Amino acid sequence: MSLNVGSRLRQHGFTLIEILIVVVILGLLVAVVVPKILGRTDDARQTAAKVQVRNIEQAMHLYKLDTGLYPSTEQGLEALVSKPTIGVIPRRYREGGYLAKVPMDTWGHPFLYRSPGADGKREYELVSLGADGKPGGEGYDADLENWNLD
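Please read these numbers as outputs of a predicted model, since none were measured by experiment.

Calculation notes
- Residues numbered from 1 in each chain as written.
- Predicted model: local features only at pLDDT ≥ 70, side-chain atom pairs only at ≥ 80, totals over all residues.
- Heavy atoms only, no water.
- Helix = DSSP H or I, 4+ residues; strand = E, 2+ residues; numbered from the N terminus.
- Buried < 20%, exposed > 50% of the residue type's maximum accessible area, 1.4 Å probe, protein only.
- Contact = heavy atoms within 4.5 Å.
- Pairing = 2+ DSSP bridges.
- Phe/Tyr/Trp six-rings, centres within 6.5 Å; stacked < 30°, edge-to-face > 60°.
- Expected span 1.5 Å × (residues − 1).
- Core = buried A, V, L, I, M, F, W, Y, C linked by side-chain atoms within 4.5 Å.
- Patch = residues over 30% accessible without salt bridge, like charges linked within 9 Å, V, L, I, M, F, W, Y side chains within 5 Å.
- Areas by Shrake-Rupley, 256 points an atom, 1.4 Å probe, with all protein chains shown as cover.
- Salt bridge = Lys/Arg side-chain N within 4 Å of Asp/Glu carboxyl O.

(A) Geometry of the overall build of the protein. Looking only at helices and strands, one finds three helices and three strands in the protein. Ordered by position from the N terminus, the helices and strands of the protein form the series α-α-α-β-β-β. Counting all 150 residues of the protein, 29% fall into the buried class. Taking as baseline every contact in the protein between residues at least 6 positions apart, the subset at least 24 positions apart corresponds to 41%.

(B) View of the sheet that holds strand S1 (residues 112-114). Strands sit in the order S1-S2-S3 across an open sheet of three strands; the sheet is antiparallel. Here the strands that pair on one side only, and so sit at the sheet edges, are S1 and strand S3 (144-145).

(C) Representation of the packing of aromatic side chains. All told, the structure shown has five aromatic pairs when counted by the stated rule. Measuring from centroid to centroid gives 6.1 Å for tyrosine 63 and tyrosine 93, while their planes differ by 80°, and the two rings are edge-to-face. Note that tyrosine 63 is positioned in helix H3 (residues 41-67) and tyrosine 93 in the loop between H3 and S1, a separation of 30 residues in sequence. For the pair shown, tyrosine 63 and tyrosine 93 are each scored as buried. With centroids separated by 4.6 Å and ring planes inclined at 55°, the aromatic side chains of tyrosine 70 and tyrosine 124 adopt a geometry described as tilted.

(D) Broad picture of the side chain of serine 128. Considering the arrangement of structural elements, one finds serine 128 in strand S2 (residues 125-128). Here serine 128 is in contact with Asp105, Trp107, Phe111, Ala142, Asp143 and Leu144, once residues within four sequence places are set aside.

(E) Main features of the environment of isoleucine 56. Looking at the element boundaries, isoleucine 56 is found in helix H3. C-alpha separation for the pair isoleucine 56 and leucine 126, spaced 70 residues apart in sequence, amounts to 8.6 Å. Apart from residues no more than four positions distant in its own chain, isoleucine 56 is found in contact with Leu77, Leu80, Leu99, Pro103, Phe111 and Leu126.

(F) Layout of the environment of threonine 73. Inspection of the secondary structure assignment puts threonine 73 in the loop between H3 and S1. A residue is classified by how much of its surface remains accessible, and threonine 73, at 39% relative accessible area, is partly exposed. Sequence-distant contacts of threonine 73, that is, excluding residues within four places in its chain, are made with Tyr113, Arg114 and Ser115.

(G) Examining the side chain of serine 115 more closely. Locating serine 115 in the fold gives a position in the loop between S1 and S2. Exposure remark for serine 115: the relative accessible area of 14% places this residue in the buried category.

(H) How the structure looks around H3. Here H3 spans 39 Å end to end across 27 residues, near enough to the 39 Å set by a 1.5 Å rise per residue. Packed against the buried residues of H3 are S1, S2 and S3. Residue glycine 68 follows H3 closely and has a positive phi angle near 90°.

(I) Molecular detail of the nonpolar core. Ranked by internal contacts, the top residues of the largest apolar core, which has 21 residues, are Ile56, Met60, Leu77, Leu80 and Leu126. Top contributing element to this core by residue count: H3, with six residues. If sequence neighbours within four positions are ignored, leucine 77 has contacts with Ile56, Met60, Val102, Phe111, Tyr113 and Leu126.

(J) Up close: a nonpolar patch on the surface. Side chains of Ile17, Ile21, Val22, Ile25, Leu26, Leu29, Val32 and Val33 sit close together on the surface and give an oily, nonpolar patch of about 720 Å² of accessible area. Along the chain, leucine 29 falls in helix H2 (residues 16-38). Here leucine 29 falls in the partly exposed class, since its relative accessible area comes to 47%.

Right, here's the structure in full:
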């Protein structure tokens, strides 16, 4: 039986050229993919804020089903977390509330709530002031209003 000594001494590992090729490929992938992912952050926040508005609206509707009315401006969104102690006190109120806590929008700003709406036509208004946290704006700074979501 003869043994091939050369095959037993074979080295394991990568050459410097192979490592450099992998690093260049990874660099190209990062250069192409990362800007696309980073550019989507604002889109994701805006979409998440719209979902939040819809979730708060669901809680508002459940509140109205149980109590017969929406929380007043004075009671605010806190009425969805714990039974109001001011204004019209509801006789029927779901144990544990309708939301776990008063949410902030995805940019960390409080939602604006008013009931009845400013124009007198809406039963309530729920608004996120967008990325800049200021009324008005365009693009990602635009207000997200419950009655005017895409």
